[in-house]
Structure formats: structure tokens, C-alpha cells
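The residues making up each chain are set out below.
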Amino acid sequence: MRITIVGGGIAGLTTALSLHAAGFEPLVCEAARSIEAVGVGINLLPHAARELSELGLADELDAVALRPRRLNYYDRAGSPVWEETLGVDAGYRWPQYSVHRGRLHLLLLAAARERLGPDAFRTGQRFRRFEQSADGVRAHFLDRASGAPVVEESDLLVGSDGIDSAVRAQLHPHEGPSHWNGVHMWRGVAPYPHVLGGRSIAVAGGSPGAKFVAYPIEDPATEGGDALMNWVLEVRHDPSAAPLDRSNRRIAPAEALAGLAGWSLPWIDLPTLVGSSSAIFEYPMLDRDPLPRWSFGRVTLLGDAAHPMFPMGMNGGSQSVVDARVLAWCLAREHDPVAALRQYDELRRPTVNAIVLGNRELGPEEIIARAAEHGGPLPVDRAEAIARGYKELALATVAQVNSHPSWTVARDAADRAR
């Protein structure tokens, strides 16, 4: 079965690897002319680390990522309000990973090219539209190098082309633009010494537009040297003041320092961190309302194209990885590909729709907001209930992740499905 994937980001490449492992023939069409190691930090939670490990990528991940051991929540003055263990320290059979998004992207791209062959990943292909029949899908692209139209015919089409998905727009033509909550994220990476033991994710503040996040994504090259620190400052602006700027503009260090003026975090020197950053960029915090349906005949959505969410709980990229694995599992076990896409929709959409809505209510970072109202750290049982509730919502408790049957399918199962 030939499957065209629109979008060659983390979601699209994981989908290609998952489909190939299940015995299918994926083709990835990416709009960008080239793939480079750009971006900042991302976390892969244990439920995503499990899926990538079962794709045979555990050693590669350990070579480019760090394994954080603790999540620390603070108020704006840097006083602790909550902490919990992460990954294997929390009892998961798989770690959590903190990694530079660009390095993760290149890791997945290298694996896809090695396993699928170089012709299975095409760059500079801008998706235009699709048509489908009872027997297949015809996807139309524009080759950005030549300006020539390109048509790909396949059995299925998967839209993994991000929050501004053109595939989603064709499936849901009256949806409108993405939803902005008035918050911009100023994001940077900087050489900076390890803080808080070097394996902690620190989140201070808690309310959107009043939050600071920092965690390392690379260890020092030499003993006592600088690690590579990923950091995010959220700032709130009036959504009605001007049209939303989606250019990811560069933030001057002086502007970033002004935004940090009200912060006092004793475990990190914020002016030094900002001054050491190679570049600081602005990203609006966006999501979309949950959809009632992803799959239409032989076409479906996956990742941010299906469920873009606010970045509370570090769940967006991880849920995309799980999407990819579940899609391959459904296709391998079901003879009718249309029925398989419906099953994938039914298995994944209710869970991630609930996460989208949960993230609008702060996700696990509700602990920080409630501590501010309480005047200090919450009672342990109340904080644990918030943290546990969010994990249960995402099907990501230790018990759920460790005991869930594998989504891996043997190639002979896929052969029987075809």
C-alpha cells in the first residue's frame, strides 16, 4: 500500500518510519526546500520515548538527547512549589528526553532515508489540493524549484503539515484561523552552566503570559564547561491591538531583558543567559478547537495538523509520535484502509481533543497557579491529584505507559491486511 504523507517534520517522519516498519510504502512530501537543524528544545515524554525505542531509535536518541530526572515548579520569586521525578526515576520503563528539536528532526530524517531510501523523502513540494475516489487519492503539489505541478497517486493521504495544515483546510474549509491566546513565547538557547543538578526542567510562574522555563538539552563538552540551555519566557500582549505577527521575529537582548525585569530566580542569572543566547525568537502561542472528525475516506490528519495544542505539559510532540504508531497499527490490522482510518480516528481523537482542552486550563501547571492563590505550596495530596489527573487524561501514567500492549506490528500482519 502506497501512502503519501504531507509534511516532513517530526510527526511526518515518525509516520513514515512507523508505516515502513509495518510493511507499507510511504512517501513524504515536504514544502521546505531543505531540512536543517533549526529550532530550540523539545521534550519527549516516556510514552513517546517508548514508541521511538520500539522503532529501534533508542541508541540514537541517547546520543543526541539528555534524560531529565526532575520537574521543578517555582513561583515568580523562585521559591519552590512542587517537584516530581521524571522518566525511569518515576518508574517508567522508558526515559523522558530533552533534545534540540533540530537534532531530533535530523535523527528521524537520517533513519527515514536509510530505511526507506532517498527517494521516499522529497523536499520543495508544496501541497495544493487532493482528490479521492473509491480506489485511491491524487495529491497535487507545486515543485518550488521548477514551478512545475506534481501529482502523486497513492492509496491513502496523511496530512501532517502542522497547525496551518492545507490538508485540514480542505477537509474543514469553514474552520478559520488558529486561536491565539494573547501570549508570545520568546525562545532561545544559550551556553550556560548546569543549574539544579543538570537534569531538571524548571518552570516558574505558571500562568500563560507570566511563565519562565529552562532546561538543558546538551551536556558540557568538557568538565565544568557550559551546557546548552533551552529557555522560554512568556509575555502577554493585547490580542486586539494589532494583527498577529506570525513572522517569528527576532527579539533584541534589550527587549528580552526588559521582559525579564520583574523576575528574580536565585538559581539562574537571567541577564547572563539572555546575553549568551545566539538568537531569541518570538512565537505566538496558538491552538485550534478540537475537531469532530479527522478521517474522510482515504484521507486523515495527524500531529499538529489534527490537534495543535498549547505547550502545557510538554505533550504536543509526544502525542504526534503516538499518533503515527497507532495509525500504522490500525492499517496493519484492518483489510479495509478506510475502516482503518476510522479506527485510528476513534482511538486517538478523543484523547488528544481532551488534552487540547486541558492545556487551555494550564494542564499540570495548574499546580503553580493554585499555589499562588493558596499563598504557598499546595498540600501534597492536592498537587499530586492535579499532576496525576493530567497524566491520566493523556493516558500517560506509569501504569498506563508500562502496561499498554505494544503498537508494533509484524510485517506479515500488514501483508494479511492488504
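This text goes with the structure placed above it.
A quick note: this is a predicted structure, and the numbers were derived from the prediction, not measured.

### Topic: the nonpolar core
Generally speaking, nonpolar side chains in soluble globular proteins are found buried as a group.
Reasoning step 1: If you look at the biggest cluster of nonpolar residues, it comprises 80 residues, and the most contacted ones within it are L108 and L331.
Reasoning step 2: When neighbours within four sequence positions are excluded, L108 is seen to be in contact with I10, L13, T14, L17, L52 and L57.

### Comments concerning the pairing of strand β3 (residues 41-44)
Reasoning step 1: Side chains G41 and N43 of β3 all project onto a buried face; the interleaved residues I42 and L44 project onto the opposite face, where all are buried too.
Reasoning step 2: Pairing geometry for β3 and strand β6 (residues 97-100), over 4 bridges, is antiparallel. Its bridge partner lying in β6, N43 is registered against S98.

### Regarding the layout of surface pockets
Reasoning step 1: By volume, the second largest pocket amounts to about 300 Å³.
Reasoning step 2: Among the secondary structure elements, those contributing two or more residues to the lining of the second largest pocket are α2 (46-54), α8 (316-333), α9 (337-360) and α12 (398-403).
Reasoning step 3: Residues of the lining of the second largest pocket, tallied by class, amount to 8 nonpolar, 5 polar and 3 charged.

### With respect to the packing of aromatic side chains
Reasoning step 1: The full count for this structure, using the stated rule, is 6 aromatic pairs.
Reasoning step 2: Each ring, one from F212 and one from W263, has its centre 6.4 Å from the other, and the planes form 50°; the classification is tilted. Here F212, found in strand β14 (residues 210-218), pairs with W263, found in the loop between α6 (253-259) and α7 (270-276); they are 51 residues apart in sequence, far enough to count as distant. Grouping residues by exposure puts F212 and W263 together as buried.
Reasoning step 3: A centroid spacing of 5.6 Å and a plane angle of 50° characterise the contact between W294 and Y344, whose relative ring orientation is tilted. Highlighted residues: W294 in the loop between β16 (280-287) and β17 (299-301) and Y344 in helix α9, separated in sequence by 50 residues. Of the two residues examined, W294 and Y344, each falls in the buried class.

### Topic: the pairing of β14
Consecutive side chains along a regular strand alternate between the two faces of the sheet.
Reasoning step 1: Of all 9 residues making up β14, 7 are buried, and the element is well covered by its neighbours.
Reasoning step 2: In terms of strand pairing, strand β13 (residues 200-207) meets β14 through 4 bridges, oriented antiparallel. Note on β14: the bridge partner recorded for V203 is V213.
Reasoning step 3: A loop of 2 residues connects β13 with β14, the two strands running antiparallel in sequence, and G209 in this loop sits at a positive phi of about 90°.

### So, the environment of R360
Reasoning step 1: Among the structural elements, R360 can be located in helix α9.
Reasoning step 2: Placed 50 residues apart in sequence, R360 and F310 show a C-alpha to C-alpha distance of 6.7 Å.
Reasoning step 3: When residues no more than four places from it in sequence are discounted, the contact partners of R360 are H179, D287, R288, D289 and F310.

### Regarding helix α11 (residues 380-393)
Reasoning step 1: For α11, which comprises 14 residues, the first-to-last C-alpha distance of 20 Å matches the rise-based estimate of 20 Å (1.5 Å per residue) to within 8%.
Reasoning step 2: All buried positions along α11 are accounted for by A383, I386, A387 and Y390. Axial view of α11: buried residues confined to an arc of 90°, hence all on one face.
Reasoning step 3: Contacts from the buried residues of α11 go to β5 (80-85), α9 and α10 (366-374).

### Topic: the environment of I163
Reasoning step 1: Mapped onto the fold, I163 is located in the loop between β11 (156-159) and α5 (166-171).
Reasoning step 2: Along the primary structure I163 and G91 are separated by 72 residues, whereas in three dimensions their C-alpha atoms are 33 Å apart.
Reasoning step 3: Each residue touching I163, except ones within four places of it in the same chain, is listed here: S178, R246, L286, D287, R288, D304 and P308.

### What to know about the packing of helix α1 (residues 10-21) against α8
Any two packed helices are characterised by the angle at which their axes cross and by the distance between the axes.
Reasoning step 1: At a minimum axis separation of 8 Å, α1 and α8 run at an interaxial angle of 30°. Taken together, the axes of α1 and α8 are roughly parallel relative to one another. Relative to α8, α1 is oriented so that their crossing is right-handed. Together, A11, T14, T15, S18 and L19 of α1 and S320, V321, A324, R325, L327, A328 and L331 of α8 make up the contact between the two elements.
Reasoning step 2: Split by residue class, the contact of α1 with α8 holds 7 nonpolar, 4 polar and 1 charged.

Definitions and cut-offs
- Residues numbered from 1 in each chain as written.
- Predicted model: local features only at pLDDT ≥ 70, side-chain atom pairs only at ≥ 80, totals over all residues.
- Heavy atoms only, no water.
- Core = buried A, V, L, I, M, F, W, Y, C linked by side-chain atoms within 4.5 Å.
- Buried < 20%, exposed > 50% of the residue type's maximum accessible area, 1.4 Å probe, protein only.
- Contact = heavy atoms within 4.5 Å.
- Helix = DSSP H or I, 4+ residues; strand = E, 2+ residues; numbered from the N terminus.
- Pairing = 2+ DSSP bridges.
- 1 Å grid on protein atoms, 1.4 Å probe; cavity = no way out; pocket = protein on both sides within 12 Å on 5 of 7 lines; lining within 4 Å.
- Points joined across faces, edges and corners; volume = space filled by probe spheres on them.
- Nonpolar A, V, L, I, M, F, W, Y, C, P; charged D, E, K, R; others polar.
- Phe/Tyr/Trp six-rings, centres within 6.5 Å; stacked < 30°, edge-to-face > 60°.
- Expected span 1.5 Å × (residues − 1).
- Arc of directions from axis to C-beta.
- Axes fitted to C-alpha atoms, helices over the stretch in contact; angles between N-to-C directions.
- Parallel < 35°, antiparallel > 145°, perpendicular 65-115°, else oblique.
- Left-handed = near helix turned anticlockwise from the far one by under 90°.

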